[in-house]
Amino acid sequence: MTDNRHGSARIEFPSELEVLITREFDAPIALVFDVLTKPEHVSKWGATPPDQMTECSIDLRVGGKYHYSFVTEDGTVCSFSGTYLEVEPPFRTAETWLFGGWPDAEAVETWQLHETDGVTTVTMRLAFRDKAGRDHYPTRPRDTGEMSSSGGFLDSLDAMEDILRSLLDLTGTVSE
Amino acid sequence: MARASTTSDVFNAIAEVSRREILDALMAGEKAVGAIVDDLSMSQPQVSKHLRVLSEVGLVKCRAQGRHRLYSLEPARLRPLHDWLAQYEQMWNERLDRIDDYLKELQKRESSSDG
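Residues numbered from 1 in each chain as written. Chains lettered and ligands numbered in written order. Predicted model: local features only at pLDDT ≥ 70, side-chain atom pairs only at ≥ 80, totals over all residues.

**Q** Sorry if this is basic, but what is going on with the overall build of chain B here?
**A** Along its length, chain B carries five helices and three strands. What you see in chain B, going N to C, is helices and strands ordered as α-α-β-α-α-β-β-α. For chain B, with 115 residues in total, the buried portion stands at 27%. Partitioning the contacts of chain B with sequence separation of at least 6, the portion at a separation of at least 24 is 55%. (Helix = DSSP H or I, 4+ residues; strand = E, 2+ residues; numbered from the N terminus. Buried ≥ 20, exposed ≤ 12 C-beta atoms within 10 Å, placed from the backbone. Contact = placed C-beta atoms within 7 Å.)

**Q** Any chance you could explain the pairing of strand β2 (residues 60–65) of chain B here in plain terms?
**A** All names here are of chain B. Across six bridges, β2 lies against strand β3 (residues 68–73) in antiparallel orientation. From the neighbouring strand, V60 faces β3, where its bridge partner is L73. Between β2 and β3, which pair antiparallel one after the other, the connecting turn spans two residues, and G66 there sits at a positive phi close to 60°. (Pairing = 2+ DSSP bridges.)

**Q** Is there a simple way to explain the sheet that holds strand β8 (residues 119–128) of chain A in this structure?
**A** Hydrogen bonds between backbone atoms are what pair the strands of a sheet, whose relative direction is either parallel or antiparallel. Residues and elements named next belong to chain A. A sheet is described by the order of its strands in space; here eight strands give the open sequence β1-β2-β8-β7-β6-β5-β4-β3, paired in antiparallel fashion. Two strands close off the open sheet at either side, each with one partner strand: β1 (10–12) and β3 (52–58). Adjacent strand axes in the sheet meet at a mean angle of 20° when their direction is disregarded. Pairing geometry for β3 and strand β4 (residues 65–71), over six bridges, is antiparallel. Residue pairing across strands places I58 opposite Y66, the latter belonging to β4. On the sheet, helix α1 (residues 29–37) packs against β2 (18–25), β3, β6 (92–99), β7 (107–116) and β8 and is oriented at approximately 155° with respect to β7. (Axes fitted to C-alpha atoms, helices over the stretch in contact; angles between N-to-C directions.)

Printed below as a string of C-alpha cells:
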C-alpha cells in the first residue's frame, strides 16, 4: 500500500519526437478516466497555482474539440487545444495537441489507462509530427517565455537523456 | 521551461547531433582528435570545429601530452541541463500529484456519502 505517490511520475523519451509519462493512481479506472476527461474535474486540477484556469471545454467524442487555457501570475496566457481522434472510455483517448506557444509544433497526445488490483496506470504519450519546430530553433528568440522553443526543447531533452543517463552512471558527478 | 541565459550556450552546444556524438565518444575516456575521428564518421576539421565549441562552453577540456592534445569530458558542466530536466520532471510531477490529490478527495467524499 502506497500512502503517497507524489513525485513518482516516470518520464522517458522513447524517440527524439516523443515524450512518454507514466504514473500510477490508487483509484479505479473509471474514476481516473472521468477526472482526466470531464471539464468539471479538469478545471479543478488543470492549472498549477498561482496559475488560473480560464477556459476548459471538452467535447469528448471522435471529431470533438477541446480547449484549455490558463493564465500565469505575470499574465501570460497558455492555451492548449485539439480534436479527438479516438475515444474509448475508460481506456484510451487520442487527440491532436496544439500549444499556443508553439504554433508549428503539431503533436498527437495519447492517454492510455489500465487497472490492476485497484491501481490505475496512466500513460501519456506526446508524439510530435516532425522536426519543424526544431529546425528553426537556433534562430528563435530564447527568452520569450516558458516552453517557447519547441524544437530545442525536445532536442535538448533527447540529448540530455542520452548524455545524462550515461554520465550519471559513469561518474556520479552530475547528480548529488 | 524558461531557460537561464547563462546555460543557453550549453544547450546550443548539445543541440547539434555531431557534438553529442563527440561527447558520447569521450565517455569512454580521454581521447586525441585522431581517435575521435576514428570513432565517428567525421573529418578531422569537423571534429576540431565541434571540439572548439564544446571547449568554449566548458563541456570538454583539453590538455597537451607531447605532440597530442587530449580531450576529456567535464560532466559537471552538464549540471544546468540536469537541473532543467529536473524542472520539467517537477512540472509533470506537480500536475500528476494534483490529479492524485483530487482523486483522493473525490474518493473520500464518495465513501463518506455512502456511509
